[in-house]
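# Breakdown of the fold
Here is how the chains run, residue by residue.
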Amino acid sequence: MKAIDLSRDAKEFLPRAKSTGVSLWRSLLLLFAALASASLMGAVGFLVLRLVVPTAPVYTSLVFALVSLVLILRWIARAFDWIMPWYYVLPAIVFLFTFTFFPVIMTFVLAFTDYAGTRNGELNIKSETRVLEVDGVVLTIENVRNFDCADLRNGCSGVRTLLYASGNHPTTATHLDGTTLTLEEPAPAGRSVLGVELYLPDLGFGFETDVVAADGATLMLERAPPFPPDLERTTLRLDRDAVTRTMLRDEGAEITLNSPLPDSFEVEAIARYNDFGWVGTGNFRTILRQATSALIPIFTWNVLFAVTTVIVNTVAGVFLAVLLNNPDLRFKALYRTLLIVPWALPNIITLQVWRGFLNQNFGAVNRLLMLFDVTDTPINWLGEMWPARAAVLLVNLWLGLPFMMTATLGALSAIPRELYEAAKIDGANAWQSFWGVTAPLLRTALIPITLTGFAFNFNNFNVIFLLTDGGPPVSWGTSTARGTDILISWAYNEAFRSQGGLAYGLGSAISIVIFVITVAVSLVNFRVTGALREEPNT
Amino acid sequence: MKKYLIVLVTLFAGLGLAFGQGLTVWTTWRDLTLEWFQNETAAFTEAFGVPVEIVRVDFAQAQPDWLLSAPAGEAGDLLVGVPHDRIGELAAAGVAANMTSFATADFLKDLSEQARVGFTIGGKLFALPMYVEGPALIVNADLVPEAPATYEELLAVAQELTSGDSFGFMYDSANFYFSYNWLHTFGGFVFGRDAQGDLDPAELGLANEGAIRGGEAIKALRHELGLIPAGTDYPTVTGLFSEGALAMTYNGPWEIENFRNAGITNLKVMPIPPLADGTPFSGFMGVQGVVLNPFSKNRADAANFTKWLARPAAQVSLAQLSGRIPASGSALAQVNDDPVIAGFGQALLNAEPMPNIPEMGSVWGPMGTALTVILESADSDVAGSLTQAASEILGN
């Protein structure tokens, strides 16, 4: 390897500032070429290995790719020495693409499909039904309901099907010697025997094993049964000779295929695939159709929730921090520790405890309120919309307060004491010195915190999911959009809890809508608070 | 260079051989059922010479994970502990193998009718059942020495026992899983069946006259009779019963161990007593079974292990160890001397397996909402709430 030429100036090894524009694209291009060719080498290496070792696991391709990547990068570095600094950011670029860009792209792609757990492109085993009659390209099937394509976007038209011949052949064996099984009559001609089932009377079920070789009526089993079998009850597992066709249309039990079946093929059963595909803007239209019962009320409450939380938490946090910042206060460390406790405990647990506290008849909150005669009927904290919303805000205050308080305490300690002394000399009371000295100096420190607080609470799934689980159900909403659901919990409900779960297509569409809304809200936010402006240091 | 290549190839070949041997089994089970499972696995390995690796998966995550990873070849060969109401979706997604050919006539004859129906779709069996489970009336016999003979008697006894901080009869009434018993007993149903015996998702019986009468009966438990106060949820009910403050509840066998550990040992399990006119109560029940991965690379062994786990002898040991109610009739007969198992067994005789078609997925949400609204106040609109839920279910 060529040693670095020490006689050259160190600057020559760094990317040149003047040509950044050009070399940026050139460098990225080179890096991507390296990554692409390494992936290609990985795939080729894997395929070659498969030829030698058919059972080679897929991850061996990664080893090939990695080794080729190192070699390619070395070669590139020799040819273009100015690329060296870029190698430091190469891992970051790879991770950026795999973990950020790739999921984002997948989300956008999925949002325009009807992909779901039951529309996953696999064979629908449930739909398998017997074929009663074949007439050219028209088949008559037995069980229409099980076959039906109602959950696919265009019905059965254009959906792939698999047609196959029978796979089980009951027969009788005469003799078993170790792993050699002799049948009474040879296996059906033209079909290969994959396995055999031997009934074991001792266990009350049939023993399955693969067949290694078959020669007429003699089968070589992979393994001998662990208990003596009843040879009278032997079943052969034949290959399920299968062909794939596409359906053109279906009318009741009659299905039209795109091309006729091969002449020699004796079809017994048919199953369809769970085809998914493009639905265009269908998912977005579904969301808009629910605008009045889901999107708009949920968005309104989401904004209300985030804004109120930020305001209430900030005011309370600043208030407590100013109190705790008083140098004359005794037991300051104790108060501070106690107030930080909610932050230190995992909220996945504390929120469950709060759920118990807020129970209408058995919870501590209502018992206390009634003990002090604040109310004489128990408040249905989690069962009615506005109490539930108040409960969410209250618990979120309890959760968020320590952070706001600690942040404010940090900012307060940076304010010089002299300023307060000067204010005192000028005759300001505590109130005036707060508004005249503390507030303006806290502003710069608090604005970024409140902005992140808003962004965090706007998508604060934990509190909603664990405290109220989006409930209670309300008359204006749907079963996925309820009293305290925010956008993100609504998306979760739609994607993972309705339609039998895994409605990734619709879920992706909702997350794109949320993305657009969040960007818009953040932009307005930044504009109003001026956070994007470069502020001169005060 | 050549030497390295040879080393590399041998290494990969070795890795490749290590794959495809033995079985990997996913299970959602814990505690006693897991202990049983480990025993059975060891016995199977000894008898068949097939090593089995157990992977524990979270119950709620098991199904989505299985759906996504089975086609990718990353799931286990078997999924043990699948509730039957998920089977429709697994079979439709192509990740549950057709097991009809594994079930011999003897096996089917011995099997409880509901367990068979639970795992059957379109005449094909998609899992081998291991045990059945479902709620029954659980009575704290210290508080109710004489079991009520009719539903009306039960309500009278419960009302007598309800005062202050002690309660007569409570259950998680906003939960459709439990409350379906009332809707069903009074004449409602989820999906009808067509001539072939398949569930018809278009025929919904959750807003018919019977369901409305059932809804009124559930509402009466809270508002007219004052048995189940507002704010009652699942943890409240089990907590009160464990403290001995609740005399009777409607819950499943999975809570029995917790109740016993909490010191409530004098338990009596029985069906909810029939209505005055003799109509028996008939709620939901579930069946748990083994699903075989159609993408399994070791299908023959996986099939053997599936049958091993579902054989009656295994169900007997499962019942003895963990109190699960066998799905096989001969196994149930062998453990019937346990009063709790016998009680649940009797209560489940009339029960109905939850519908196993994927359409059931869109029933829970709207029905939960409807029950909440019905229970909210004494003058809630039962018919209206159920009709709205029904239209939301059919609209999905």
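No experiment lies behind these values; they were computed from the predicted model shown. (Residues numbered from 1 in each chain as written. Chains lettered and ligands numbered in written order. Predicted model: local features only at pLDDT ≥ 70, side-chain atom pairs only at ≥ 80, totals over all residues. Heavy atoms only, no water.)

### Side note on the domain arrangement of chain B
Interface extent is often summarised as the accessible area lost during association of the parts. Residue and element names in this part refer to chain B. Looking at chain B, the domain boundaries give domain 1 (3-133 + 286-353) and domain 2 (136-284 + 356-393). Domain 1 and domain 2 are separated by 30 Å when their C-alpha centres are compared. Each partner contributes to the interface: domain 1 provides 23 residues, whereas domain 2 provides 24 residues. Between domain 1 and domain 2, roughly 1800 Å² of surface is buried when both sides are summed, and carbon and sulfur atoms account for 62% of that area. Across the contact surface, domain 1 and domain 2 share zero salt bridges. Looking at the side of domain 1 that touches domain 2, the elements that each hand over two or more residues are helix 4 (87-92), helix 6 (113-119), strand 4 (120-121) and helix 15 (339-349). A total of five residues in the side of domain 1 that touches domain 2 trace back to one element, the largest contributor, which is helix 15. For the side of domain 1 that touches domain 2, the residue count by class is ten nonpolar, nine polar and four charged. (Domains from an automatic or database assignment. Contact = heavy atoms within 4.5 Å. Buried area = accessible area lost by both parts, 1.4 Å probe. Salt bridge = Lys/Arg side-chain N within 4 Å of Asp/Glu carboxyl O. Helix = DSSP H or I, 4+ residues; strand = E, 2+ residues; numbered from the N terminus. Nonpolar A, V, L, I, M, F, W, Y, C, P; charged D, E, K, R; others polar.)

### Observations regarding the pattern of salt bridges
By the definition in use, this model includes twelve salt bridges over all chains. Across the salt bridge formed by A:Arg237 and A:Glu197, the nearest N and O atoms sit 3.3 Å from each other. With A:Arg237 in strand 11 (residues 230-238) and A:Glu197 in strand 8 (residues 193-200), this residue pair connects regions lying 40 residues apart in the sequence. Side by side, A:Arg237 and A:Glu197 carry an identical accessibility label, which is buried. The network of salt bridges with shared partners includes A:Glu197, A:Glu208, A:Arg237 and B:Lys307. (Buried < 20%, exposed > 50% of the residue type's maximum accessible area, 1.4 Å probe, protein only.)

### Brief notes about unusual backbone geometry
Residues and elements named next belong to chain A. Positioned with a positive phi, Phe331 is a non-glycine residue whose angle comes to about 55°. Counting through the fold element by element, Phe331 comes out in the loop between helix 6 (291-324) and helix 7 (332-344). One non-glycine residue, Asp373, adopts positive backbone phi at about 55°. As for its placement among the helices and strands, Asp373 is situated in the loop between helix 9 (364-371) and helix 10 (385-413).

### Section: the sheet that holds strand 1 (residues 129-135) of chain A
The six strands are arranged 1-2-13-12-4-14 (chain A) in a closed barrel whose pairing can be described as antiparallel. For this sheet, the mean angle separating the axes of adjacent strands, direction not counted, is 45°. (Pairing = 2+ DSSP bridges. Axes fitted to C-alpha atoms, helices over the stretch in contact; angles between N-to-C directions.)

### Description of the interface of chain B and chain A
The interface of chain B with chain A comprises 65 residues on the first partner and 56 residues on the second. Between chain B and chain A the total buried area reaches about 4600 Å² when both faces are included, carbon and sulfur atoms providing 57% of it. On inspection of chain B and its partner chain A, the count reaches four salt bridges. A salt bridge links A:Glu208 to B:Lys307; the shortest N-O distance between them is 2.8 Å. The tally of links from chain B across to chain A stands at 14 residue pairs in polar contact (both at pLDDT 80 or more). Residues belonging to the side of chain B that touches chain A are distributed by class as follows: 35 nonpolar, 17 polar and 13 charged. (Polar contact = N/O pair within 3.5 Å; in protein donor to acceptor, adjacent residues only side chain to side chain.)

### Overview of the state of the cysteines
Residue and element names in this part refer to chain A. As enumerated under the stated definition, the model contains one disulfide over all chains in all. Bridging Cys149 to Cys156, the disulfide has an S-S length of 1.8 Å. Disulfide Cys149-Cys156: torsion about the S-S bond near 70°, hence right-handed. On the basis of relative accessibility, which here comes to 5%, the residue Cys149 falls in the buried class. (Disulfide = S-S within 2.5 Å.)

### Here's the deal with the packing of aromatic side chains
All names here are of chain B. Counting across every chain of the model gives 47 aromatic pairs over all chains. Ring plane angle 80° and centroid distance 6.3 Å describe the contact between Trp29 and Phe37, whose orientation is recorded as edge-to-face. Owing to a relative accessible area of 4%, Trp29 belongs among the buried residues under this scheme. For the ring pair Phe178 and Tyr234, a centre distance of 6.1 Å and an interplane angle of 15° mean the geometry is stacked. A residue pair is termed long-range when its members are at least 10 positions apart, and Phe178 in helix 8 (residues 176-185) and Tyr234 in helix 10 (residues 234-243) qualify at 56 residues. According to the relative accessible area criterion, Phe178 is buried, its value standing at 2%. (Phe/Tyr/Trp six-rings, centres within 6.5 Å; stacked < 30°, edge-to-face > 60°.)

### A few points about the sheet that holds strand 8 (residues 167-170) of chain B
Residue and element names in this part refer to chain B. Strand order in this open sheet of four strands is 8-11-7-12, and the pairing throughout is mixed. Among the strands making up the open sheet, the edge pair consists of strand 8 and strand 12 (267-270). Taking each pair of neighbouring strands and ignoring which way they run, the sheet shows an average axis angle of 15°. Where strand 7 (residues 136-140) lies against strand 12, four bridges are found, and the strand directions are antiparallel. Across the sheet, the residue bridging to Asn140 is Leu267, located in strand 12. Packed on one face of the sheet, helix 7 (residues 151-161) meets strand 7, strand 8 and strand 11 (246-251) and runs near 135° to strand 8. Running over the sheet, helix 15 touches strand 7, strand 11 and strand 12 and is turned about 25° from strand 12.

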